[in-house]
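# Descriptive structure summary
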Amino acid sequence: MDRITSMRVFVRAATDGSLSAAARHLGMSPAMATKHVNALEARLGVKLFHRSTRRLALTETGNDYLEACRRILPEIDEADAAAASRRVKASGLLRMNVPLSFGHCFVAPLMPAFSQRHPEVTVELGLSDAGLDLVAGNWDLAIRIGRLADSPLQARKLGDSPMRVCASPGYLDRRGVPRRVAELIQHNCLGYTLSGTQGRDSWRFGASGELRVPVGGNLLANNGDALVAAAVRDQGIIYQPEFIVRAALARGELVMLELDKPPVELGGIHVLYPPDRRPPAKVRVMIDHLVEAFAATSEGGAAHSSDSNATAGARGDHIAG
């Protein structure tokens, strides 16, 4: 007799209180249900039920075995469903919300390869730094950069993006090079309005942002690329994630400043999705594609991805360009 089927018969009989009721529920004859329980008891070498003509009663061993079966059988069903879902061809509209600069620099270039793999999936890429609500906006996926608040959403870490304090060589020649965070108050610091970490009147330093440093400047923006564009033209100092300033640093348009306190740690780059036990195939294949792509990147903001899932929030301290 099939052991898994026998376990299902046993659980149903214990739940319904009779083998005939279990047989009706599972679409088999009472005789077959009895054979399954007999085979299970013979395999285990113990009695699971005290039987009479009117009722079944679990033995002490049977009660313990029932708890184990109720734990194991759903896991088997979940494993079967997960394996079967791999056969389902991904299709349909996939709506993904990502930060503007990050989406332009890193996510959009990944889409041609994704479309070649999954031609029946249409991707709607929403580029926004506003940290829109994933559920309310009917988004299938979102990428967020920063610390995540608690929520039922599931999160998969793609990588890290360290913060950088930067200015142009021309600005530093004119105004001098700050060596301590306390000296920033003497400089034109360009603020990012969507985050308190590098905001309009103070910047936070230290791994957890425990040190608040007062700053001031003549430009505020809700997009990191706008701040980079101003900084490379000698307007002031910016405090942005590495992925936003990477290209300007490589071209020598910006110089990274070494200060006496470390930059704040962002908390990582995560892909978020609704808390479905079995996400649709289109969601699953996009997550796999992103994890694979970011794991292959060995430097900078999109470093190595994490294989662990975690419950996470739609946004915490939203830091993204």
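These notes cover the structure that comes with them.

## Some remarks on the environment of leucine 158
Inspection of the secondary structure puts leucine 158 in strand 6 (residues 153-159). For leucine 158, a relative accessible area of 0% puts it in the buried group. Counting along the chain gives 137 residues from leucine 158 to alanine 295, while the straight-line C-alpha distance between them is 7.3 Å.

## Things to note about the environment of tryptophan 139
Considering the arrangement of structural elements, one finds tryptophan 139 in the loop between strand 4 (121-127) and strand 5 (141-145). With a relative accessible area of 10%, tryptophan 139 lands in the buried category. Sequence separation of tryptophan 139 and leucine 125 is 14 residues, and the distance between their C-alpha atoms is 9.9 Å.

## Brief notes about the environment of valine 213
Positionally, valine 213 belongs in strand 10 (residues 211-214). Excluding anything up to four places from it in sequence, valine 213 contacts Val181, Asp201, Ser202, Trp203 and Phe205.

## Considerations on the sheet that holds strand 13 (residues 255-256)
The pairing of strands in a sheet happens through backbone hydrogen bonds and is either parallel or antiparallel. Ordered in space as 12-7-13, the three strands form an open sheet in which the pairing is antiparallel. Bordering the open sheet on either side are strand 12 (238-241) and strand 13, each of which pairs with just one other strand. The sheet contact formed by strand 7 (residues 163-167) and strand 13 spans two bridges and is antiparallel. Following the sheet pairing, alanine 167 is matched in strand 13 by valine 255. Relative to strand 12, helix 9 (residues 242-250) is tilted by about 110°, and along the sheet it contacts strand 7, strand 12 and strand 13.

## Observations regarding the pairing of strand 5
In terms of burial, strand 5 is a largely internal element, five of the five residues being buried. Of the two faces of strand 5, the one holding Leu141, Ile143 and Ile145 and the one holding Ala142 and Arg144 are both buried throughout. Pairing of strand 3 (residues 92-98) with strand 5, which is carried by two bridges, proceeds in the parallel orientation. Pairing of asparagine 97 across the sheet is with alanine 142, part of strand 5. Relative to strand 14 (residues 269-273), strand 5 runs antiparallel, the two sharing four bridges. Bridging from a neighbouring strand, isoleucine 145 pairs with isoleucine 269 of strand 14.

Rules used in this analysis
Residue numbers here run from 1 along each chain, matching the order of that chain's written sequence. For this predicted model, a pLDDT threshold of at least 70 governs which residues receive local features, and a threshold of 80 or more governs which side-chain atom pairs are given and counted, while totals over whole chains, interfaces and linings are taken from all residues. Neither water nor hydrogens contribute to the side-chain values; these are computed over all heavy atoms in the structure. A run of H or I in DSSP counts as a helix once it spans at least four residues, and a run of E counts as a strand once it spans at least two, with each numbered from the N terminus. Relative accessibility decides the category of a residue: with a 1.4 Å probe and only protein chains considered, values under 20% of the type maximum give buried, values over 50% give exposed, and everything between is partly exposed. Two residues qualify as a contact provided that any one of their heavy atoms is within 4.5 Å of a heavy atom in the partner residue. When DSSP locates at least two bridges between a pair of strands, those strands are taken to pair. Lines fitted to C-alpha atoms define the axes here, with helix axes fitted over just the stretch in contact, and angles between the N-to-C directions of these axes take values from 0 to 180 degrees.

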